[in-house]
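Here is what each chain is made of, one letter per residue.
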Amino acid sequence: MILTVNGEVREAAPRPGQCLRTLLREHGWYGVKKGCDAGDCGACTVHLDGEPVHSCLVPAFRAEGRAITTIEGLAGSCRPGEGLAGSCRPGEGLAGPCRPGEGPPAVLHPMQEAFLAAQGFQCGFCTPGMIMTAAALDQGQRRDLATALKGNLCRCTGYRAIGDAIAGIGHVDRDTDGAADPCGRNLPAPAGAAVVSGTARYTLDVPLEGMLHMKVLRSPHAHARVLRIDRAAALAVPGVVAVLTHDDAPAKRFSTGRHQDPLDDASDTRVLDDVVRFVGQRVAAVVALGEAAAEAGCAALVVDYAVRPAVFDPRAALMPEAPPVHARPGVAAGPHPNLAAEVHGEIGDVAAGFSQADLIHEGTYVSQRVQHAHLETHAAIGWRDAAGRLVIRSSTQVPFLTRDALADLFDLAPEAVRVVCGRVGGGFGGKQEMLTEDLVALAVLATGRPVAWETTREEQFVGATSRHAMRVGVKIGALRDGTLTAIALHVVSDTGAYGNHAGGVIHHGCNEVIGVYRCPNKRVDAYAVHTHTVPAGAFRGYGLSQTVFAVESAMDELARGLGIDPFAMRRLNVVRPGDAMVSTSLAPHDVAYGSYGLDQCLDRVEEALAAMPPAVPPSPDWLTGEGMAMAMIDTIPPRGHVAEASVALTPEGRYALSVGTAEFGNGTTTVLGQIAASALGTTPDRIAIRQADTDAVGHDTGAYGSTGIVVAGQASLRAATALAEAIRAAAAARAGVAAEVCRLGIDAVAVPGGAVALADLARESALVGHGRADGTPRSVAFNVQGFRVAVHRLSGEVRILDSVQAADAGRVMNPMQCRGQIEGGVAQALGAALYEDMRIDDAGAVTTRTLRDYHVPSFADVPRTTVLFADTHDGIGPLGAKSMSESPFNPVAPALANAIRDATGARLTQTPFAPDRIFRAVMAGGSGSRAQRP
Ligand code: FES
């Protein structure tokens, strides 16, 4: 057939059943993304004869004779009057459509320009599809974006920046003349033009010609021994090259969870195992010339299982008769084999504290599993380079830790393995796991050929990780005046079949949540429990969102019982500089008040809510209410987080910054450029950044725990400062003056009576600065969330009338970007609080396997959040900055629950707050526990 794409005519031969999306990508139009292949996410949107369509739903052969426009060709499809300043006409002033392999076109479509100006993206994986849909909207449709964008999902932004882009509202500060300090300004993401033009290259956006494709057979059983795998029929499928089973996999065990200290996670997982412990576990892999052959090979595999008993509830899993998930001694810690990790600790005398209390609240709060739902699914490509090294191109937050794990697993020297990222399409902690790279490496080593594996959206739900489901018992006592006397937590966390992040999540989840309260008596008993279900893992907030839901709901109930305003209750009891921050231990630690803005956050949210006009119920059946909650987070994970960086002066008199941390929409690249530019007295556009490549720098623990700015940023600052000193010294030596009198400028170093060009210095000697940060000491950051809601007392529907969050991020390095992180965090948390629920049936199988069933919030579901910042300057973080990407999630669910309680009298103790759950609670006259006089 003849394919006409972006005005270019090509011959194409679609396979039977092939969709337009995959055909376009095979022809190099990588701006056409895959988020679901089910028509739910819109990442694959293209124009067909000018109409936006989800190309995953269009049979490829139906595109014959039609004009196809992809994001790469959008700039060439302007109609008269639509262009910038109205000057765009066909054939005039346009660079023409971008061809595969080329960079961004010289001239962008107005909608691409608008997304750049508003920075209407973070990871940018949804952006090409979003822009294609937005570019086709008429003025009327633009006034109803809730309807117009219902086919396009964004997991990162919270949609406000997208709405602004479509409305033509810009936020980016384009002034790059170097006159002002780049820090603190809304400077644009360096990859912006590539993102909006579809030329940013994500993991699989490279030619796959000549590459083998892998598909995976997954277990239908929650617990079974694999007795036999008959490969014969699979190997007979035309195109199948290899079948890999546990017989081919290393006997060595590892953890998919990656940390600086590998001992943080139990080594309990094999690449392919002869025991399966959850429905969806990998059983065998088929490597073939194409995906279809690999799929057919999987279907032809014959596996005999000996099914074993399974347990799905963590409390049942701790019963003596429960079947052990891991029978090997040493895998599970503690007295019960299903106990993966536990935390116990007490300060003061909790029993005495409760006996002193005038009022006690005791309740149990249940948080469900939620999926990261980053739009780019897990994927990796592997090959051997010219030197024979194993190279893995992966969608990961932790390239260095993955490199180390692969080297260990396959008995290779670390230098014999390279892990490199393209742009990463979202992570939220989900890509702090090694979920694809190990199997791709095995396939490369087994076949000697390049291999690609892209997981499906269904595999994300059944085989990737999720947030830990948690049951948090909380008991808090206070005196009549509100002073806390005792806090006790009892936590049961369902870590699923494997122990990745089991201990880390309960340690972190039980720490800052009570550390933020000044209370002399605290106790924690927490248990991470194995079940025969899909493993949980790192998720935004790392356990805090579940425990903060419990404690902040309880605090609200206690304040109500005492007749104390919820803001006043917090002000009375929160830690202040000088107070010890302790949860369960008085042992010395490395957390300090680098800055403190919790007081400001409380004030700003309270003032913002007070300044809003009174909430007006839509009708008498709607009840209105207001609620708030707060959270503290340590700015860096404990036990070490290392980053190295280097900055070199290039022969052109510009700079090359090399860092290990990955960019997955967190905006680290932008801020690292700002930090380095500030130290070098230059503009960020003069700094080229190479990152997320184990060949780039010495080591970087990874982009998790919100460490991009505070650790990699610190290393970048030190490297840039060292280079600035080296440049001044070189200029001083050349001019015969003291270094102290030399001033570093954009193109030259000013010396008394003249200037020395940077390019000349670079040609004379190699000038490089190196920096390292080890992630200690650590500071604390704060978030306070407020909501006003209306709740329909008959249907249980919740409408958010107002949303405001105040954040203490230290010196805000890029307010536009930081606001986007907070808006995105609130949106993701609203999904978890209201809709999202990974359901697991009685046989242990995940039943929510599509984005449609799961309900990732769309534009219509997310209210605008007013974002406010505390004015602080951190003494620990680089140039006064703190972390701010995970923590905005944490106070959202309790603030919403507290607002619903205020409106209805019903205390919701389980997320998500589905209408039926709210309805039942309201009909019961308020459910859950109330504060009680002892
Ligand atoms: Fe929309 Fe990441 S920017 S999914």
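Residues numbered from 1 in each chain as written. Predicted model: local features only at pLDDT ≥ 70, side-chain atom pairs only at ≥ 80, totals over all residues. Heavy atoms only, no water.

Looking at the nonpolar core
Where we set the bar: Among buried residues, the Ala, Val, Leu, Ile, Met, Phe, Trp, Tyr and Cys ones that are joined through side-chain atoms within 4.5 Å form a nonpolar core. For every residue, the accessible area (1.4 Å probe, protein chains only) is compared with the maximum for its type, and the residue is labelled buried under 20%, exposed over 50%, or partly exposed between those bounds. In DSSP terms, a helix is any run of H or I states spanning at least four residues, a strand is any run of E spanning at least two, and both are numbered starting from the N terminus. Contacts are assigned to residue pairs that have any heavy atoms within 4.5 Å of one another.
Counting residues in hydrophobic clusters, the biggest one holds 155 residues, and the most contacted among them are Phe-115, Leu-484, Val-789, Leu-896 and Phe-913. Tallying contributions element by element places helix H17 (residues 544-562) first for this core, with 10 residues. Not counting the four nearest positions on each side in its chain, Leu-896 is found in contact with Phe-787, Val-789, Ile-800, Leu-830, Ala-833, Leu-834 and Phe-913. By size, the runner-up hydrophobic cluster in this structure holds 34 residues, among which are Leu-649, Ala-732, Leu-767 and Ala-773.

Topic: unusual backbone geometry
Following Thr-776, the chain continues into Pro-777 via a peptide bond in cis, with omega recorded as 0°. One can find Pro-777 in the loop between strand E28 (768-773) and strand E29 (780-792). Omega for the bond connecting Thr-911 with Pro-912 falls within 30 degrees of zero, at -5°, which places this linkage in the cis form. Structurally, the position occupied by Pro-912 is in the loop between helix H25 (892-904) and helix H26 (915-923).

A few points about the pairing of strand E26 (residues 748-751)
Regular strands have side chains that alternate between both faces of the sheet. Let me state the cut-off plainly: Should DSSP find at least two bridges between two strands, the strands are taken to pair.
Burial of E26 is one-sided: the residues Val-749 and Val-751 facing one way are buried, the residues Ala-748 and Ala-750 facing the other way are not. Hairpin geometry of strand E25 (residues 743-744) and E26 is characterised by an intervening segment of 3 residues between the two adjacent antiparallel strands. Note: E26 against strand E27 (residues 754-757), 4 bridges, orientation antiparallel. Looking at the pairing, Val-751 lines up with Gly-754 of E27. Counted along the chain from E26 to the antiparallel partner E27, the turn is 2 residues long, and its residue Gly-753 has a positive phi close to 80°.

A few points about helix H15 (residues 502-509)
Each α-helix turn comprises 3.6 residues. Residues three or four places apart therefore point the same way. Within H15, 6 of the 8 residues are buried, leaving the element largely enclosed by the surrounding structure. All of the buried residues along H15 are Ala-502, Gly-503, Val-505, Ile-506, His-508 and Gly-509.

Notes on the sheet that holds strand E14 (residues 379-384)
Note the following rule: The convention used is that axes are lines fitted to C-alpha atoms, helices contributing only their stretch in contact, and that angles between N-to-C directions extend from 0 to 180 degrees.
Taking strand neighbours across the sheet as the criterion, the 7 strands line up as E8-E10-E6-E17-E14-E15-E16 in an open arrangement whose pairing is mixed. At either margin of the open sheet sits one strand with a lone partner, and together these are strand E8 (240-244) and strand E16 (417-420). On average, each strand axis in the sheet is tilted by 20° relative to the strand beside it, whichever way the strands run. The pairing of strand E15 (residues 390-394) with E16 spans 4 bridges and is classified as parallel. Pairing of Leu-390 across the sheet is with Val-417, part of E16.

Focus: the confidence of the model for the chain
Put simply, the rule is: The quantity called pLDDT is the predictor's confidence in a given residue, expressed from 0 to 100.
With 95% of its residues at a pLDDT of 70 or more, the chain has an overall mean of 93. Per-residue pLDDT stays below 50 along residues 78-101; that stretch engages in 41 contacts with residues further than four places along the chain or on separate chains.

Structural notes on the pairing of strand E24 (residues 687-691)
Applied cut-off: Call a crossover right-handed when, viewed with both strands pointing away from you, the route from the first strand across the helix to the second goes clockwise.
Alignment of strand E23 (residues 655-659) against E24, held across 5 bridges, turns out to be parallel. When the bridges of E24 are listed, Ser-658 appears paired with Arg-690. In this fold, E23 hands off to helix H20 (residues 668-680), which returns the chain to E24; that crossover is right-handed.

Regarding the packing of helix H2 (residues 110-118) against helix H3 (residues 127-135)
Just so we agree on the cut-off: Angular relationships are summarised with four words: roughly parallel below 35 degrees, roughly antiparallel beyond 145, roughly perpendicular across 65 to 115, and oblique for the angles in between. A clockwise turn of the near helix away from the far one marks a right-handed crossing, whereas an anticlockwise turn of less than a right angle marks a left-handed crossing.
One can describe the packing of H2 onto H3 by two numbers: an axis separation of 9 Å at closest approach and a directional angle of 125°. Between H2 and H3, the angle falls in the class oblique. Note on packing geometry: the crossing formed by H2 with H3 is right-handed. Where H2 abuts H3, its residues Met-111, Gln-112 and Phe-115 lie against Thr-127, Met-130, Ile-131, Ala-134 and Ala-135.

What to know about the environment of Leu-851
Position of Leu-851 relative to the elements: it lies in helix H24 (residues 851-854). Sequence separation between Leu-851 and Cys-36 is 815 residues, and the spatial gap between their C-alpha atoms is 7.4 Å. Leu-851 has contacts with Gly-35, Cys-36, Asp-40, Cys-41, Leu-153, Ala-373, Leu-375, Arg-457, Phe-461 and Val-856, leaving out every residue within four places of it along the chain.

Quick look at the packing of aromatic side chains
Keep this limit in mind: Classification of ring pairs uses Phe, Tyr and Trp, with its six-membered ring standing for Trp, and accepts pairs whose centres are within 6.5 Å; under 30 degrees between planes counts as stacked, over 60 as edge-to-face, and the remaining range as tilted. In this analysis the charged atom, NZ for Lys or CZ for Arg, is taken to sit over a ring once it is within 6 Å of the ring centre and within 35 degrees of the ring normal.
Going through the model one piece at a time under the given rule, you end up with 9 aromatic pairs. Ring geometry for Phe-549 and Phe-913: centres 5.9 Å apart, planes at 55°, overall tilted. Taken together, the positions of Phe-549 in helix H17 and Phe-913 in the loop between H25 and H26 put the pair 364 residues apart, joining distant regions of the chain. Judged on exposure class, the residue Phe-549 and its partner Phe-913 are both buried. An aromatic cluster is present here, built from Tyr-365, Phe-549 and Phe-913 joined pairwise through their rings. Seen from the ring of Phe-354, Lys-475 lies directly overhead, with NZ or CZ sitting 4.5 Å from the centre.

Observations regarding the environment of Glu-64
For clarity, the cut-off: Side-chain atoms alone can form a polar contact between residues adjacent in sequence; in general such a contact is a pair of N or O atoms within 3.5 Å, and within protein one must be able to donate a hydrogen while the other accepts it.
Mapped onto the fold, Glu-64 is located in the loop between strand E4 (51-54) and strand E5 (67-69). For Glu-64, a relative accessible area of 43% translates into the label partly exposed. Sequence spacing of Glu-64 and Ala-12 is 52 residues, and the spatial spacing of their C-alpha atoms is 9.4 Å. What Glu-64 contacts, discounting residues up to four positions off in sequence, is Met-1 and Ile-2. A distance of 3.1 Å separates a polar side-chain atom of Glu-64 from the backbone nitrogen of Ile-2.

Observations concerning the sheet that holds E27
Spatial strand order, E25-E26-E27: 3 strands in an open sheet with antiparallel pairing. Edge positions in the sheet fall to E25 and E27, since each of these pairs with one other strand and no more. Most of the contacts of helix H21 (residues 708-735) go to E26, to which it runs at about 55°, and overall it touches E25, E26 and E27.

Considerations on the side chain of Gln-674
In this structure, Gln-674 sits in helix H20. Note on Gln-674: relative accessible area 0%, which makes it buried. A distance of 3.3 Å separates the side chain of Gln-674 from the backbone oxygen of Arg-185, its partner in a polar contact. With near-sequence residues (within four places) excluded, Gln-674 lies in contact with Pro-182, Cys-183, Gly-184, Arg-185, Leu-187, Pro-684, Met-813 and Asn-814.

Let's talk about H20
Put simply, the test is: One fewer than the residue count of a helix, multiplied by 1.5 Å, yields its expected span.
With 13 residues, H20 should reach 18 Å at 1.5 Å per residue; the first-to-last C-alpha distance of 18 Å fits that figure. In terms of residue burial, H20 counts as a mostly covered element, since 11 of its 13 residues are buried. Every buried residue of H20 is accounted for by Thr-668, Thr-669, Thr-670, Val-671, Leu-672, Gly-673, Gln-674, Ile-675, Ala-676, Ala-677 and Leu-680. In this fold, the buried residues of H20 make contact with strand E22 (643-649), E23, E24, H21, E25 and helix H23 (815-834).

Considering the packing of H20 against H21
In helix packing, the relevant descriptors are the interaxial angle and the interaxial distance, both defined with respect to the helix axes. The geometry of H20 relative to H21 is characterised by a closest axis approach of 8 Å and an angle of 30° between their N-to-C directions. Accordingly, the angle class assigned to the pair H20 and H21 is roughly parallel. Viewed along their axes, H20 and H21 form a crossing whose handedness is right-handed. Across the interface between the two elements, Thr-668, Val-671, Leu-672, Ile-675, Ala-676, Ala-679 and Leu-680 of H20 pack against Gly-708, Ile-709, Ala-712, Gly-713, Ser-716, Leu-717, Ala-720, Thr-721, Leu-723 and Ala-724 of H21.

A closer look at the pattern of salt bridges
To keep things clear, this is the line we draw: Counted as salt bridges are all cases of a side-chain nitrogen of Lys or Arg within 4 Å of a carboxyl oxygen of Asp or Glu.
This structure, assessed with the given rule, holds 66 salt bridges. Notably, a salt bridge pairs Arg-218 with Glu-459, separated by 2.9 Å at the nearest N-O pair. Residue Arg-218 is located in strand E6 (residues 212-218), and its partner Glu-459 is located in helix H14 (residues 457-463); the two are separated by 241 residues in the primary sequence. Assigned by exposure class, Arg-218 and Glu-459 land together as buried. Here Asp-685 and Arg-686 are joined by a salt bridge, their closest N and O atoms 4.0 Å apart. With a relative accessible area of 18%, Arg-686 lands in the buried category. Among the ionic contacts, a cluster of salt bridges with common partners joins Asp-385, Arg-389, Arg-418, Arg-690, Asp-693 and Asp-695.

Some remarks on the side chain of Thr-133
Considering the arrangement of structural elements, one finds Thr-133 in helix H3. Using a relative accessible area of 7% as the deciding quantity, one classes Thr-133 as buried. Among the polar contacts made by the side chain of Thr-133, one reaches the side chain of Asn-152 at a distance of 2.9 Å. For Thr-133, the contacting residues outside a window of four places in its chain are Thr-45, Pro-52, Ala-148, Leu-149 and Asn-152.

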